[in-house]
Amino acid sequence: MPTTTSTPGPPSGQETHKLRQVAESFGTEADRYDRARPGYPDSLIARIAAASPGPDVLDVGCGTGIATRQFQAAGCRVLGVDVDERMAALARERGLEVEVSPFETWDARGRRFDAVVSAQTWHWIDPVEGAAKAAEVLRPGGRLALLWNVMQPSPPVADAFAEVYRRVLPQMPAVGAAGPALQAYDAMAAKAREGIEACGAFGEPERWQAGWERTYTREEWLDTVPTFGGQSLLPAEQREELLRQMGAAVDALGGEFVMPYVTIVLTAALRAA
């Protein structure tokens, strides 16, 4: 969903929300995405829900509904909106309500929400237009909350994955490898903050975060890699070689590895009318 990031982020020197081909490519791996991508710390989901004035949530870029389901479990009523019909169709199969549209031009039809959330997606949305749209559909005091999972690999894991990308795809950032991953996501959050502040409708944005970790087996990691931004656009032979060498790298690490994550949240409340 990139500059030197460990999970999908903005390609170096570019504004991600303008990269429509990449932004709309995730649906080619909808089933895999839903199966392989991690969720978000329940503590942060609960904190967002508790800080909102009510239970009505709009999940922007909901994809297959990973975060949507977590907000539902926290007691929220959630409507999803996503640009990709394939992702939306899978979410609907899981009982979620999803409308298909770019968020910036989505027709709310007069509906209002207590929170607008966006998990691993806001960097694909124009930060100024997105903030203005969120302000338009929020009730007074409603909350905008943007979430990103950021990988923080150990040096052995980072080095192993970086070497695979150097050999196979030197033109692409090394997913899960070393580099200023948190710094890159901080830059995305800063751009989102600028959009919120430019909108002029929100109070001072706050940043929350939580650390956690996940153990990946070889099979689980190879299932995850194709879901990262731009991977599904690779020629088949390049992707197969990437996965072959990634598998060998995980084997050399002992067949599994621990991936630490930091989940960051940028959030702001709509000013009262």
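Note that the structure is a prediction, hence the values are computed from the model and not measured.

Cut-offs applied
- Residues numbered from 1 in each chain as written.
- Predicted model: local features only at pLDDT ≥ 70, side-chain atom pairs only at ≥ 80, totals over all residues.
- Heavy atoms only, no water.
- Helix = DSSP H or I, 4+ residues; strand = E, 2+ residues; numbered from the N terminus.
- Buried < 20%, exposed > 50% of the residue type's maximum accessible area, 1.4 Å probe, protein only.
- Core = buried A, V, L, I, M, F, W, Y, C linked by side-chain atoms within 4.5 Å.
- Contact = heavy atoms within 4.5 Å.
- pLDDT = per-residue confidence, 0-100.
- Phe/Tyr/Trp six-rings, centres within 6.5 Å; stacked < 30°, edge-to-face > 60°.
- Lys NZ or Arg CZ within 6 Å of the ring centre and 35° of its normal.
- Salt bridge = Lys/Arg side-chain N within 4 Å of Asp/Glu carboxyl O.
- Arc of directions from axis to C-beta.
- Axes fitted to C-alpha atoms, helices over the stretch in contact; angles between N-to-C directions.
- Parallel < 35°, antiparallel > 145°, perpendicular 65-115°, else oblique.
- Left-handed = near helix turned anticlockwise from the far one by under 90°.
- Nonpolar A, V, L, I, M, F, W, Y, C, P; charged D, E, K, R; others polar.
- Right-handed = clockwise from strand over helix to strand, strands pointing away.
- Pairing = 2+ DSSP bridges.
- Polar contact = N/O pair within 3.5 Å; in protein donor to acceptor, adjacent residues only side chain to side chain.

**Quick word on the overall build of the protein chain**
Part 1 of the reasoning: Helix and strand content of the protein chain: 10 helices and 7 strands.
Part 2 of the reasoning: Looking at the protein chain as a whole, 56% of its 273 residues are labelled buried.

**A closer look at the nonpolar core**
Part 1 of the reasoning: With 31 residues, the main nonpolar core has Leu58, Phe103, Trp106, Val116, Trp122, Trp148 and Phe202 as its most contacted residues.
Part 2 of the reasoning: Taken together, the elements giving at least two residues each to this core come down to β1 (56-60), β2 (77-82), β4 (113-119), α6 (127-137), β5 (138-151), α8 (181-199) and β7 (256-269).
Part 3 of the reasoning: Leaving out residues up to four positions away in the same chain, phenylalanine 103 has contacts with Leu58, Val60, Val81, Val116, Trp122, Ile125, Gly130, Lys133 and Ala134.

**What about the confidence of the model for the protein chain?**
Part 1 of the reasoning: Put simply, the protein chain has an average pLDDT of 88, and 85% of its residues get 70 or more.
Part 2 of the reasoning: Long-range and interchain partners of residues 1-14, a stretch whose pLDDT sits below 50, account for 63 contacts in this model, where long-range means more than four residues apart.
Part 3 of the reasoning: Here residues 16-23 is modelled with pLDDT under 50, and outside its nearest four sequence neighbours on either side it reaches 22 contacts, counting other chains as well.

**What about the packing of aromatic side chains?**
Part 1 of the reasoning: Under the definition given, this model contains 10 aromatic pairs.
Part 2 of the reasoning: An aromatic cluster of at least three residues, connected via ring pairs, comprises Phe161, Tyr216, Trp221, Phe228 and Phe257.
Part 3 of the reasoning: In this structure, arginine 47 is placed above the aromatic ring of tryptophan 208, and the distance from its NZ or CZ to the ring centre is 3.9 Å.

**Re the pattern of salt bridges**
Part 1 of the reasoning: Overall, the coordinates contain 19 salt bridges when judged by the stated rule.
Part 2 of the reasoning: Across the pair aspartate 34 and arginine 69 runs a salt bridge whose closest N-O atoms are separated by 2.9 Å. Placement of aspartate 34 in helix α2 (residues 30-36) and of arginine 69 in helix α4 (residues 66-73) is noted, with a sequence separation of 35 residues between them.
Part 3 of the reasoning: On the basis of relative accessibility, which here comes to 12%, the residue aspartate 34 falls in the buried class.
Part 4 of the reasoning: Between arginine 218 and aspartate 251 there is a salt bridge; the shortest N-O distance is 3.0 Å. Of this pair, arginine 218 sits in helix α9 (residues 218-224) while aspartate 251 is found in helix α10 (residues 236-252), placing the two residues 33 residues apart along the sequence.
Part 5 of the reasoning: Taking relative accessible area as the criterion, arginine 218 reaches 26% and is therefore assigned partly exposed.
Part 6 of the reasoning: Residue classification places aspartate 251 among the partly exposed residues on the basis of a relative accessible area of 43%.

**Concerning helix α5 (residues 85-93)**
Part 1 of the reasoning: Residues of α5 that are buried include every one of Met87, Ala88, Leu90 and Ala91, and no others. Around the axis of α5, the buried residues are gathered within 160 degrees of arc, so they sit on the same side.
Part 2 of the reasoning: Of the residues flanking the end of α5, it is glycine 95, one or two places downstream, whose phi is positive at about 85 degrees.

**A word on the packing of helix α7 (residues 155-168) against α10**
Part 1 of the reasoning: It is the contact of α7 with α10, at a shortest axis distance of 10 Å, that shows an interaxial angle of 150 degrees. Here α10 runs roughly antiparallel to α7, going by the angle between their axes. In terms of crossing hand, the pair formed by α7 and α10 is right-handed. Counted together, Ala160, Phe161, Val164, Tyr165, Arg167 and Val168 of α7 and Gln238, Glu241, Leu242, Gln245, Met246, Ala249 and Val250 of α10 form the full contact between these two elements.
Part 2 of the reasoning: Its residues placed into classes, the contact of α7 with α10 shows 9 nonpolar, 2 polar and 2 charged.

**Some thoughts on the pairing of β1**
Remember that side chains alternate between the two faces of the sheet whenever the strand is regular.
Part 1 of the reasoning: The buried fraction of β1 amounts to 5 of the 5 residues, a majority that puts the element mostly inside the structure.
Part 2 of the reasoning: Burial along β1 is two-sided: the residues Asp56, Leu58 and Val60 and Val57 and Asp59 are all buried.
Part 3 of the reasoning: Traced from β1 through α4 to β2, the parallel crossover comes out right-handed.
Part 4 of the reasoning: Pairing of β1 with β4 involves 3 bridges; the strand directions are parallel. Bridging across to β4, valine 57 finds its partner in alanine 115.

**Quick look at the sheet that holds β4**
Part 1 of the reasoning: Overall, mixed pairing links the 7 strands, which are arranged β3-β2-β1-β4-β5-β7-β6 in an open sheet. A single partner strand is all that each edge strand has here, and the edge strands are β3 (98-100) and β6 (206-217). Across the sheet, the mean angle from the axis of one strand to that of its neighbour is 20 degrees, orientation sign disregarded.

**Looking at the environment of arginine 218**
Part 1 of the reasoning: The spatial distance from the C-alpha of arginine 218 to the C-alpha of glycine 247 is 6.2 Å, given a sequence separation of 29 residues.
Part 2 of the reasoning: If we skip the residues at most four places from it in the chain, arginine 218 touches Gly247, Ala248, Val250, Asp251 and Gly255.
Part 3 of the reasoning: Here the side chain of arginine 218 touches glycine 247 through a polar contact of 3.3 Å, landing on its backbone oxygen.

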